Amino acid sequence: MKPAFWFVPLVLVGLGKQFSGASPRPFTSVELQGWIPALGSPTTARLACKTLQQRGLLECAPHAVRPGARKPNNPQTWQLTATGREACRTAIQAQARQVRVDALIERNKDLA
């Protein structure tokens, strides 16, 4: 069984990679699931968005339906807040640090 909120680091890193070079745009929970297949189901992607919204990292963006697209009755469109963008950058940096630490540990095992 996975611990509660196991998806938060995955989502922060995934969103950070998705929007690292560009200005963040609104996205749907379906797009989020496509970017982060480890979420597994649309329900988990929606739960991740709602969890990040409760923590002030995402906000609803129901106005952001693409031109020409049919507007859903209950749009699940989200966008990163300024705090969310910073959290994504921090998550990517933490992941990179962890990769370096793991590589150093592995290298030191080989030397011992």
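Here we summarise the structure given alongside this text. All values reported here derive from a predicted model rather than from experimental measurement.

Time to look at the state of the cysteines. The full count for this structure, using the stated rule, is zero disulfides. C60 forms no disulfide, and the closest cysteine sulfur to it belongs to C49, at a distance of 9.0 Å.

Taking 1.5 Å per residue as the helical rise, helix α1 (residues 7-18) with its 12 residues ought to reach 16 Å, and the 16 Å between its terminal C-alpha atoms agrees with that figure. Taken together, the buried positions of α1 are occupied by F7, V8, V11, L12, V13, G14, L15 and G16. On the buried face of α1, the contacting elements are β1 (27-28), α2 (29-35), α3 (42-54), β2 (58-60), β3 (77-80) and α4 (82-111).

Okay, the nonpolar core next. Generally speaking, a soluble globular protein has its nonpolar side chains buried in company with each other. Within the largest apolar cluster, 22 residues are counted, with the highest numbers of intra-cluster contacts made by V11, L12, L15, F27, L32 and L58. At six residues, the largest contribution of residues to this core is made by α1. What V11 contacts, discounting residues up to four positions off in sequence, is L32, I36, L39, A48 and L52.

Position of T51 among the secondary structure elements: in helix α3. The class for T51 is buried, based on a relative accessible area of 3%. Dropping the residues within four chain positions of it, T51 is found in contact with F5, F7 and V8.

On to the pattern of salt bridges, then. On inspection of all chains with the given rule, the structure shows two salt bridges. Residues E31 and R25 are paired through a salt bridge, measuring 3.1 Å at the closest nitrogen-oxygen approach. Relative accessible area serves as the criterion here: at 36%, R25 is assigned to the partly exposed category. Taking the shortest distance from any N to any O, the salt bridge between E86 and R89 comes out at 2.9 Å. Note that E86 and R89 are positioned in helix α4 at a spacing of three residues, about one turn of the helix.

A complete count under the given rule lists four aromatic pairs for this structure. Look at F19 and F27: their rings are 5.9 Å apart centre to centre, the planes differ by 40 degrees, and that puts the pair in the tilted class. Taking the centre distance of 5.6 Å and the plane angle of 90 degrees together, the rings of F19 and W35 count as edge-to-face. Of the two residues, F19 sits in the loop between α1 and β1 while W35 sits in helix α2, which places them 16 residues apart along the sequence. On the accessibility criterion, W35 (25% relative accessible area) is partly exposed. Clustering of aromatic rings is evident, with ring pairs tying together F19, F27 and W35.

Criteria and thresholds
Numbers given to residues run from 1 along each chain, matching the order in which its sequence is written. Where totals are concerned, whole chains, interfaces and linings use all residues; where local detail is concerned, this predicted model gives features only for residues with pLDDT of at least 70, and gives and counts side-chain atom pairs only at 80 or more. To obtain the side-chain values, all non-hydrogen atoms of the structure were included, while hydrogens and water were left out. Disulfides are defined in this document as cysteine sulfur pairs within 2.5 Å. The numbering of helices and of strands both runs from the N terminus, where a helix is a DSSP run of H or I of at least 4 residues and a strand a run of E of at least 2. By this rule the span expected of a helix is its residue count minus one, scaled by 1.5 Å. Accessible area is worked out with a 1.4 Å probe on protein chains only. A residue is then buried under 20% of its type maximum, exposed over 50%, and partly exposed in between. Residues are treated as being in contact if the distance between any of their heavy atoms lies within 4.5 Å. Residues belong to one nonpolar core when they are buried, are Ala, Val, Leu, Ile, Met, Phe, Trp, Tyr or Cys, and are joined through side-chain atoms within 4.5 Å. Criterion for a salt bridge: a side-chain nitrogen of Lys or Arg within 4 Å of a carboxyl oxygen of Asp or Glu. In summary, the pairing rule links any two rings of Phe, Tyr or Trp, Trp by its six-membered ring, whose centres are within 6.5 Å, and it sorts them by plane angle into stacked for under 30 degrees, edge-to-face for over 60 and tilted for everything else.

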